[in-house]
Amino acid sequence: LEAELRQILTIASVEGERFTAEVVARVQGVSPRQLLGHLSQELQKRHRLVREREQVKAGQQSLSRYQFSHILFQRYLYDNLSAGERRLLHGEIAQALEICYEGRTGEITNRLAHHYLEAGEREKGIEYSRQAAQGAKDVYAYDEAMQYLQTALDLFETGEQAETRLDLLEELADVHSVFTTDAQAISHYQTALDMWFSLTSADNIIAVRLHRKILEFAFQLYGNVAFEVFDPLYQTLATSRDFLEANLPLDDREQSQVEMVRVLSCLANYSGTVVGSPSALDKAEGHARAAVDLAEQLDAPVEMSDALGTLAGIYFVRGLLPDQLE
């Protein structure tokens, strides 16, 4: 191949087996029209090294997507680059993708995360990994979401940006909590709590939320199992319960008030299922009623539904079936 054509393919190989003509044109420093001519006439029709795939809408413009006719061509070109060349080209491709998808980068967060991470740009790599994880969760690709979050966490040095790491740990624990057989969620929540205690000016609502999630996940994982007092999990739950009860009521912020509904429902579940004594059921009913009343005041339908479900469960345990039905 002529040097110019080989350079086009080399840049394309860094974007991947499938690549964007306009991105390659920006990195190459030529007009998209000129580059499309090379791709269509020389590299596709004459040499059969690439083939056109589709036109993709990105805002007001259309982007031309191509694919190597065999992945071995892409791997050969990529493997012949030095580590330094790859790092620089990944960075240039990431910047070109951001320009081409301006205002719509949410559609390609996984690609941007990959290229910025390969370019060694940690901050943007972490930012887009986090966004990619959210995108994966939105389509229920939880394993993929875990990988993105773990990748972002692994980029931090010990003691660095503790607040961001705490947020990422909580997000990772939330994804693990989707799986009722995955006890790692509690471990991640506790690690996040340890990090919260190390911060001098951390918002108390964070610790409240983490303790509440520990209790909620334990119910999800173990249901109505009666824990012995010497069981390590019982001690974990008791610690979270004590913290929550000691920190009620929460402050007057709307965010805190919604969290308070969740905490009250959670404590009601704990007293009604884990403890289960008559006095504990009285306490549980009180918490559940308070949660229902507060949710109604806040006009929070999701929290209201959960609180009503909790109250109904307590009525069932107490044999108050008409009240449960209502």
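What this report covers is the structure whose coordinates are included nearby. Model, not experiment: these values are computed from the prediction.

Points about the overall build of the protein chain
A count of helices and strands for the protein chain gives 16 helices and three strands. In terms of C-alpha radius of gyration, the protein chain reaches 27 Å, well past the compact-globule figure of 20 Å for 326 residues. Summarising its shape, the C-alpha atoms of the protein chain cover approximately 85 × 45 × 35 Å along the three principal directions. Taking all 326 residues of the protein chain together, 46% fall into the buried category. Excluding contacts between residues fewer than 6 apart, the proportion of contacts in the protein chain whose partners are at least 24 apart in sequence is 58%. Accessible surface, the protein chain as shown: approximately 16,800 Å² in total, 49% of it carbon and sulfur. With 30 positive and 50 negative side-chain charges, the protein chain shows a separation of 10 Å between the mean positions of the two kinds.

Points about the layout of surface pockets
In this structure, the second largest pocket spans a volume of roughly 190 Å³. As for the second largest pocket, its lining consists of Arg289, Val292, Leu308, Leu311, Ala312, Tyr315, Asp323, Gln324 and Glu326. Within the residue set of the lining of the second largest pocket, elements represented by two or more residues are α14 (278-298), α15 (301-317) and α16 (321-325). It is α15 that contributes the most residues to the lining of the second largest pocket, four residues altogether. The residue makeup of the lining of the second largest pocket, split by class, is five nonpolar, one polar and three charged.

A look at the pattern of salt bridges
Inspection of every chain in the model, using the stated rule, returns 24 salt bridges. Glutamate 54 is the partner of arginine 65 in a salt bridge, and the nearest nitrogen-oxygen pair spans 4.0 Å. Note that arginine 65 is positioned in strand β3 (residues 61-68) and glutamate 54 in strand β2 (residues 50-58), a separation of 11 residues in sequence. Residues arginine 212 and glutamate 216 are paired through a salt bridge, measuring 3.0 Å at the closest nitrogen-oxygen approach.

Some thoughts on the side chain of threonine 310
By secondary structure assignment, the location of threonine 310 is in helix α15. With a relative accessible area of 9%, threonine 310 lands in the buried category. Non-local contacts of threonine 310, meaning those with residues more than four positions away in its chain, are made with Ser265, Ala268, Asn269 and Ala288.

Here we look at the pairing of β3
Within β3, six of the eight residues are buried, leaving the element largely enclosed by the surrounding structure. Note that strand β1 (residues 18-20) and β3 share three bridges and pair antiparallel. Note on β3: the bridge partner recorded for threonine 20 is arginine 65. Direction of pairing for β2 relative to β3: antiparallel, over a ladder of eight bridges. Within β3, the residue paired with glutamate 54 across the bridge is arginine 65.

Some remarks on unusual backbone geometry
For the bond running from leucine 248 to proline 249, omega is -5°, close enough to zero to count as cis. Residue position: proline 249 is located in the loop between α12 (232-246) and α13 (254-275). With a phi angle near 55°, aspartate 299 is a residue other than glycine that sits in the positive phi range. With respect to the helices, strands and loops of the structure, aspartate 299 is situated in the loop between α14 and α15.

Some points on helix α6 (residues 109-118)
Looking at α6, one finds that the buried residues are Thr109, Leu112, Ala113, His115 and Tyr116. Buried residues in α6 make contact with α1 (3-15), α5 (83-100) and α7 (122-138). In the segment just after α6, glycine 120 is the residue with positive phi, at about 80°.

Rules behind the numbers
- Residues numbered from 1 in each chain as written.
- Predicted model: local features only at pLDDT ≥ 70, side-chain atom pairs only at ≥ 80, totals over all residues.
- Heavy atoms only, no water.
- Helix = DSSP H or I, 4+ residues; strand = E, 2+ residues; numbered from the N terminus.
- Rg over C-alpha atoms; globule rule 2.2 N^0.38 Å.
- Buried < 20%, exposed > 50% of the residue type's maximum accessible area, 1.4 Å probe, protein only.
- Contact = heavy atoms within 4.5 Å.
- Areas by Shrake-Rupley, 256 points an atom, 1.4 Å probe, with all protein chains shown as cover.
- Lys, Arg positive; Asp, Glu negative; His and termini not counted.
- Charge placed at Lys NZ, Arg CZ, Asp CG, Glu CD.
- 1 Å grid on protein atoms, 1.4 Å probe; cavity = no way out; pocket = protein on both sides within 12 Å on 5 of 7 lines; lining within 4 Å.
- Points joined across faces, edges and corners; volume = space filled by probe spheres on them.
- Nonpolar A, V, L, I, M, F, W, Y, C, P; charged D, E, K, R; others polar.
- Salt bridge = Lys/Arg side-chain N within 4 Å of Asp/Glu carboxyl O.
- Pairing = 2+ DSSP bridges.

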